[in-house]
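# Coordinate analysis (summary)
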Amino acid sequence: MLCPVCRHDNFEGEDICENCGADLRTADIPQPATDYRGRLLGEHLDDLHPASPRAVEADAGVDVAIQLMHETGIDCVLVTEAGRLVGIFTDRDAVLKIAGQKPGPRPIREFMTRDPVVLRHDDPIAVAIHKMAVGGFRHIPIVDGGGQPTGIVAAKDVFRHIAETIG
Amino acid sequence: MTATKERRVPTQELERVTIRFAGDSGDGMQLTGGQFTRTAAVFGNDISTLPDFPAEIRAPAGSLPGVSGFQISFSSADIHTPGDEPDVLVAMNPAALKTNVQDLPAGGALIVNSDAFTQQNLNKAAYASNPLTDGTLKQYTVFEIPISTLNERSLEGLDMTSKQKDLTKNFFALGIMFWLYERSMDPTIRWIDGKFKARPVIAEANTRALKAGYAFGETTEIFHTHYRVAPAKLPPGTYRNITGNEATALGFLTASKLADRPLFYGSYPITPASDILHQLSGYKSFGVKTFQAEDEIAAIGAAIGASYGGALGMTASSGPGIALKSEALGLAVMVELPLVVIDVQRAGPSTGMPTKTEQADLLQVMFGRNSDSPIPVVAPATPGECFDLAIEAVRIALKYVTPVVYLSDAFLATGAEPWKIPALSDLESIAVENWTEASTFHPYDRDPQTLARKWAVPGTPGLEHRIGGLEKADITGNVSYDPDNHHRMQILRREKVAGIAADIPPLDVFGAASGDLLILGWGSTYGAIRSAVERLQAQGRSVAHAHLRHLNPFPRNLGDVLGSYRRVLIPEVNLGQLSLLVRGRFLVDAIGYNRVRGKPFRISEIETEAERILDDIE
Amino acid sequence: MSNSTPKQPQNGANGDTPLTAQNAEIIQLSRKDFVSDQEVRWCPGCGDYSILAQTQKVMPDFGYPKEKIVFISGIGCSGRLPYYMNTYGFHTIHGRAPTLATGLKAARPDLMVWVITGDGDALSIGGNHVLHSMRRNVDLKMVMFNNRIYGLTKGQASPTSEFGKRTKSTPAGTIDTPIQPLTVALAAEASFVARSVDTHTEHLQQTLNRAGYHKGSAFIEVLQNCNIFNDGAWRDFTDREVRDDRMLVLEHGKPMIFGKDRNKGIRLRGLCPEVVQLGENGVTESDLLVHDEQADEPYLALVLSRMFWPEFPVPVGVFRAVPRPTHDELIVQQLAAAVASGGEGNLETLLRSGETWTVS
């Protein structure tokens, strides 16, 4: 079995990694069926392996953004100004705010949701779920200390994590 | 790195410190202990260690049977034991605290990872209330440190999951200890760089955690002193840390090279001897043939068969396995072939306590066979001596063409000490030649000096002969039921073993050649006895220490040595086996000190018993 | 304890090189060379005399020099055999001969090792070791003298005694089902399994010869008569007058035909063997089972091992002979592989491996 620390291939059942001495005894037992809530509290957004976000500048045309989303198959883009996150634009925004209107070269700034709820990369998954439930949204951008977006977590990421955990 | 506060903390010089690290699976206490040991050794302290493995192969996280510990004693003087009790206990979780705190003396230092004292963990450790707050730890000096949190914080920004970061907290703890005892982090940092070359993020994390722990020690206000233990004056040479089982395996490999005979090792897995099989099976490039047999008897059978063919046949086991091998051992005595049988003793009887030490197989290996069936017995006293006595066992086996028993125990097997690596050029050859001359050959014709028989191996032309378990005529080796012949052969076999006494060094005495009390020991009680005697001699008491490495035959001056003291004390981790032999053979009223708790003796208990006897004489 | 003659390589200097036709010196030996100076002490009329004689006759066949042949025995009347062979010999303890043979062969692949055992020695106390030496394919030739009784200890039941057998230790009859040695050997993955009869001298010689040439474990059950404690145990079908009709001589590649007039055969009906008359009911040779020693899976051999008189003729000859690497060969291979990948071990380097420090 591979040592979780140094990846050395040890014999099955070894207590200590032959190479680096790391304790292997937690790595090979089935984890007790702990409280799922407890797990969510213990796990961080990093554990969802959130995707890198697509970002457009606030001045960019909304039609450009929609085209981008359509071509790349994503349902949400982040909106930045000078690198800092200022808004989020999802397919729902497109349906609710744009459909029926004449699309034109209007900046995405006019259609985005301003100042979205954000999280840090090491915030617990439970917090993300809570915010999504309370706020009714499916995406939460992840930012660093300087407000720069570093990732985006979507409801479907959480769903996949649940499926993997339970399955 | 954050700026450190300028703090002047006084340094106290100590002669000896004993630290016990205790934690859960995942806490990495063996690694922490090992790194501290290495650093102390490289710095020049004399060290002695004792790992304490968990009772179960796997246990749920945080539970009592999952606790593992590592005790290290380091000193500026020559030390012989891993310490009667720790000065500092580092407990990484409540279960570790619960299982170890009773060994910490009042006033001892207790360092705990306060982050781990959650309600869930307290429940798992069967604590009704939190010991950190309910006052039950007030006789210790407690340092509550949120090691997990501080560690995680120190690793901010690194691309690792929380779980991965948590695995590095043992380095944080190590860093604290390094600061506390003024140890350099350099050897560990070099080790980290070497081991994790392929995973730079892990290397970075471990190093950061280590330094953060050190920095914590430096800046926190909870420690008011730190300590220095100066290097010891060890004899010059190249050293490595070695456990008894490692030394045993290396010793027998070396012995086979010195004897110029290929090593054949047959054995069956049994705690605590299995590691010898694991290690020897890694020596294929040395021509070592290892064989995991279907049972204990097949193991010794194969070893005898290999010896019959001229190889160096060996087998190892622990008490219950030695019991199974007794018939075959008797065959080896009767046919007179060289063979080494290792017994890594453990607590018995029967299955006993497989991971706990004892030295209660002496009478079994001396007498546990039908009829009078004498076998030479040797017993190393320290992990390092496991190497030397291995060579001695093979020397005797080949020179006298006889099976030999090598008595080790669980304490020696897993305990470690620094070992001065010998130069091979300093080691003498122990090779013997097989008989090849047909005209003068009879299989049970003997060398007049050693009484060893003329040993010829299959494949030697013209010397075809048969050997077996039936009694055989002197010289010719043909099956014989002649009454006088049997008596003569029994005497010859006895004399052959007894005659080895002329070939082994006289017993050495540590102390005056005569006096009030002699403490006589064998096997792994060496450390505790020697330390106790050193302390008593420093107080001016008339006590000396002698330690047997050869249990059969005894050194030729043992009788004289025993007679030079008014009292003889024989401490043993058994109910009085060497005592029985000494009393029976020398008619000496030896006093036994016998405790069979599955643990090595503490220095203090030997000291107390010796004082009791000395005071009683006056 | 020294000597003046040139030294033979002791113990293993070329001990790892198996003796083959190429490197064996051409030795012309005869049966007489293998007769030792010891007076043979079996009971008069014992089947062991014949087995000993055939064994001695067969030894020259292999071209091995005498000093390279070793006989290892356990305890029983069969255990005396090594004393009567003028080779190297080791009379060991009850049931454990295969273990010594395993160690000897591992240390000295150059030797030819015969294990002489009996039904009690091999199948009672020694059962476990037979199982494992066969599955390891240790290159030993195990000759098991099956007389269905414990002779040396004067007449107790053995694991092959028939159910209900009355003996000194079982006056009311045995209550244990007997075990079938060849089924056990096949179940233990033995690569060579055969049966012969003590007094069928030609056949026994041929069988011993085949075993000697087989590379790997060879298990031979020799039906032996103990005329003192269990006379006539096999006589019903081994006797000269009836054996042609009641025993089936196996030959690889040939259909299974028996009978004095060669008019009976064995064919398979479903999973079971069936005795048929050639010529009756349209049965011809092509309907018969053809013996195959070399089949990968021992189905056929297992079926043959379950054919008992009087329902069936008792098969004799080689049931199975398949090639497989031997235990000692594989050990040597691993040692060679270790050297090939990492070079020969250097002891100085090994002692100094791991973390060392120097005190000056």
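Quick caveat, the model's predicted, so the values are computed rather than measured.

## What about the overall build of chain C?
Scanning chain C for helices and strands turns up eleven helices and twelve strands. Viewed in the frame of its principal axes, chain C has a C-alpha envelope of about 95 × 45 × 45 Å. The buried share of chain C, taken over its 360 residues, is 55%. For chain C, the proportion of contacts with a sequence separation of at least 24, taken over those separated by at least 6, is 67%. In the structure as shown, chain C presents an accessible area of about 15,700 Å², 51% of it carried by carbon and sulfur atoms. Distance between charge centres in chain C, computed from 36 positive and 40 negative side chains, equals 4 Å.

## A closer look at unusual backbone geometry
Residues asparagine 552 of chain B and proline 553 of chain B are joined by a peptide bond in cis, for which omega reads -5°. Relative to the elements of secondary structure, proline 553 of chain B occurs in the loop between strand S21 (550-552) and helix H19 (558-563). Following tryptophan 309 of chain C, the chain continues into proline 310 of chain C via a peptide bond in cis, with omega recorded as 10°. Even without glycine at this site, glutamate 182 of chain B takes up a positive phi of about 50°. The residue leucine 587 of chain B is not glycine, and still its phi comes out positive at about 55°. Structurally, leucine 587 of chain B is set in the loop between helix H20 (577-586) and strand S23 (591-594). A residue is classified by how much of its surface remains accessible, and leucine 587 of chain B, at 76% relative accessible area, is exposed.

## Examining the domain arrangement of chain B
Along its sequence, chain B is organised into domain 1 (11-229), domain 2 (240-426), domain 3 (438-502) and domain 4 (509-617). Computed over C-alpha atoms only, the centres of domain 1 of chain B and domain 3 of chain B are separated by 60 Å.

## Brief notes about the interface of chain B and chain A
On the chain A side, the residues contacting the 23 residues of chain B number 20 residues. Counting each side, the surface lost to burial between chain B and chain A is near 1,800 Å², with a carbon and sulfur contribution of 54%. On the surface where chain B and chain A come into contact, there are one salt bridge. Remark: the boundary between chain B and chain A carries seven residue pairs in polar contact (both at pLDDT 80 or more). When contributions to the side of chain B that touches chain A are tallied by element, the ones reaching two or more residues are helix H1 (29-43) and helix H7 (186-195) of chain B. Taken together, the residues of the side of chain B that touches chain A sort by class into nine nonpolar, eight polar and six charged.

## Observations regarding the packing of helix H4 (residues 147-154) of chain B against helix H6 (residues 169-180) of chain B
Residues and elements named next belong to chain B. With their axes 9 Å apart at the nearest point, H4 and H6 run at an angle of 105° to one another. By the criterion of interaxial angle, the relationship of H4 to H6 is roughly perpendicular. Facing Ile147, Ser148, Leu150 and Asn151 of H4, the residues of H6 in contact are Lys169, Phe172, Ala173 and Ile176. Partitioning the contact of H4 with H6 into residue classes produces five nonpolar, two polar and one charged.

## What to know about a positive patch on the surface
Residue and element names in this part refer to chain B. Together, Lys356, Arg595, Arg597 and Lys599 line one region of the surface with positive charge. Tracing the sequence through the fold places lysine 356 in the loop between strand S13 (339-345) and helix H14 (362-367). Owing to a relative accessible area of 32%, lysine 356 belongs among the partly exposed residues under this scheme.

## Quick notes on the side chain of aspartate 48 of chain C
Residue and element names in this part refer to chain C. Positionally, aspartate 48 belongs in helix H1 (residues 48-58). The buried charged residue aspartate 48 lacks any salt bridge partner; its closest oppositely charged side chain belongs to arginine 80, at an N-O distance of 8.9 Å. Aspartate 48 has contacts with Trp42, Cys77, Ser78, Phe145 and Gln224, leaving out every residue within four places of it along the chain.

## Here's the deal with the nonpolar core
Burial of nonpolar side chains together is a common tendency in soluble globular proteins. Among the nonpolar cores identified, the biggest contains 142 residues, and Tyr406, Leu520 and Leu578 of chain B together with Phe90 of chain C are the most heavily contacted of them. The element best represented in this core is helix H15 (residues 385-400) of chain B, accounting for eleven residues. Ignoring sequence-local partners within four residues, the contact set of leucine 578 of chain B consists of Leu362, Leu520, Trp522, Leu548, Leu551, Phe554, Ile570 and Glu572 of chain B. Counting 59 residues, the second-largest nonpolar core is a separate cluster that includes Cys17 of chain A together with Met160, Tyr181 and Ala209 of chain B.

## Digging into the sheet that holds strand S10 (residues 272-277) of chain C
Residues and elements named next belong to chain C. Ordered in space as S8-S9-S10, the three strands form an open sheet in which the pairing is antiparallel. On the outer flanks of this sheet lie strand S8 (257-258) and S10, each paired with one strand and no other. When S8 meets strand S9 (residues 264-269), the two strands line up antiparallel, connected through two bridges. Each bridged residue has a counterpart across the sheet, and for isoleucine 257 the counterpart in S9 is glycine 265.

## Overview of the environment of asparagine 245 of chain B
All names here are of chain B. Within the secondary structure layout, asparagine 245 lies in helix H9 (residues 244-259). Judged by its relative accessible area of 5%, asparagine 245 falls in the buried class. As for asparagine 245 and aspartate 361, which are separated by 116 residues in sequence, their C-alpha atoms are 18 Å apart. Look past the residues within four positions of asparagine 245 in its chain and what remains in contact with it is Pro272, Asp275, Ile276, Gln279, Val344, Leu412 and Ala413.

## Describing the pattern of salt bridges
Inspection of the entire model under this criterion finds 51 salt bridges over all chains. Across the pair arginine 160 of chain A and aspartate 157 of chain A runs a salt bridge, and its minimum N-O distance is 3.5 Å. Placement of both arginine 160 of chain A and aspartate 157 of chain A in helix H5 (residues 155-166) is noted, with a separation of three residues, approximately one turn of the helix. Notably, a salt bridge pairs arginine 535 of chain B with glutamate 607 of chain B, separated by 3.0 Å at the nearest N-O pair. Of the two residues, arginine 535 of chain B sits in helix H18 (residues 526-538) while glutamate 607 of chain B sits in helix H21 (residues 603-617), which places them 72 residues apart along the sequence. Its relative accessible area of 12% is what places glutamate 607 of chain B among the buried residues. Through salt bridges with shared partners, a single ionic network connects Glu392, Arg395, Lys399 and Asp503 of chain B.

## Focus on the environment of isoleucine 152 of chain A
Residues and elements named next belong to chain A. Take isoleucine 152: it is sitting in strand S6 (residues 149-154). Taking C-alpha positions, isoleucine 152 is 13 Å from glycine 87, a pair spaced 65 residues apart along the chain. The contacts of isoleucine 152, once residues within four sequence positions are left out, are Pro50, Ala51, Pro53, Cys76, Leu78, Ile88, His139, Ile140, Pro141, Ile142 and Asp157.

## Let's talk about the interface of chain B and chain C
The interface of chain B with chain C comprises 82 residues on the first partner and 68 residues on the second. Summed over the three residues of chain B that lose the most area to chain C, namely Lys289, Glu294 and Arg466 of chain B, the buried surface amounts to 12% of that side. Counting across the interface, chain B meets chain C through two salt bridges. A salt bridge links glutamate 355 of chain C to arginine 38 of chain B, with the shortest nitrogen-to-oxygen separation between them at 2.7 Å. Joining chain B to chain C, the criterion identifies 29 residue pairs in polar contact (both at pLDDT 80 or more). Put simply, the parts of the chain that give the side of chain B that touches chain C at least two residues each are H1, strand S9 (237-243), H9, strand S11 (289-292), helix H11 (296-308), helix H13 (326-335), strand S16 (416-420) and strand S17 (466-468) of chain B.

Cut-off values and rules
- Residues numbered from 1 in each chain as written.
- Chains lettered and ligands numbered in written order.
- Predicted model: local features only at pLDDT ≥ 70, side-chain atom pairs only at ≥ 80, totals over all residues.
- Heavy atoms only, no water.
- Helix = DSSP H or I, 4+ residues; strand = E, 2+ residues; numbered from the N terminus.
- Buried < 20%, exposed > 50% of the residue type's maximum accessible area, 1.4 Å probe, protein only.
- Contact = heavy atoms within 4.5 Å.
- Areas by Shrake-Rupley, 256 points an atom, 1.4 Å probe, with all protein chains shown as cover.
- Lys, Arg positive; Asp, Glu negative; His and termini not counted.
- Charge placed at Lys NZ, Arg CZ, Asp CG, Glu CD.
- Domains from an automatic or database assignment.
- Buried area = accessible area lost by both parts, 1.4 Å probe.
- Salt bridge = Lys/Arg side-chain N within 4 Å of Asp/Glu carboxyl O.
- Polar contact = N/O pair within 3.5 Å; in protein donor to acceptor, adjacent residues only side chain to side chain.
- Nonpolar A, V, L, I, M, F, W, Y, C, P; charged D, E, K, R; others polar.
- Axes fitted to C-alpha atoms, helices over the stretch in contact; angles between N-to-C directions.
- Parallel < 35°, antiparallel > 145°, perpendicular 65-115°, else oblique.
- Patch = residues over 30% accessible without salt bridge, like charges linked within 9 Å, V, L, I, M, F, W, Y side chains within 5 Å.
- Core = buried A, V, L, I, M, F, W, Y, C linked by side-chain atoms within 4.5 Å.
- Pairing = 2+ DSSP bridges.

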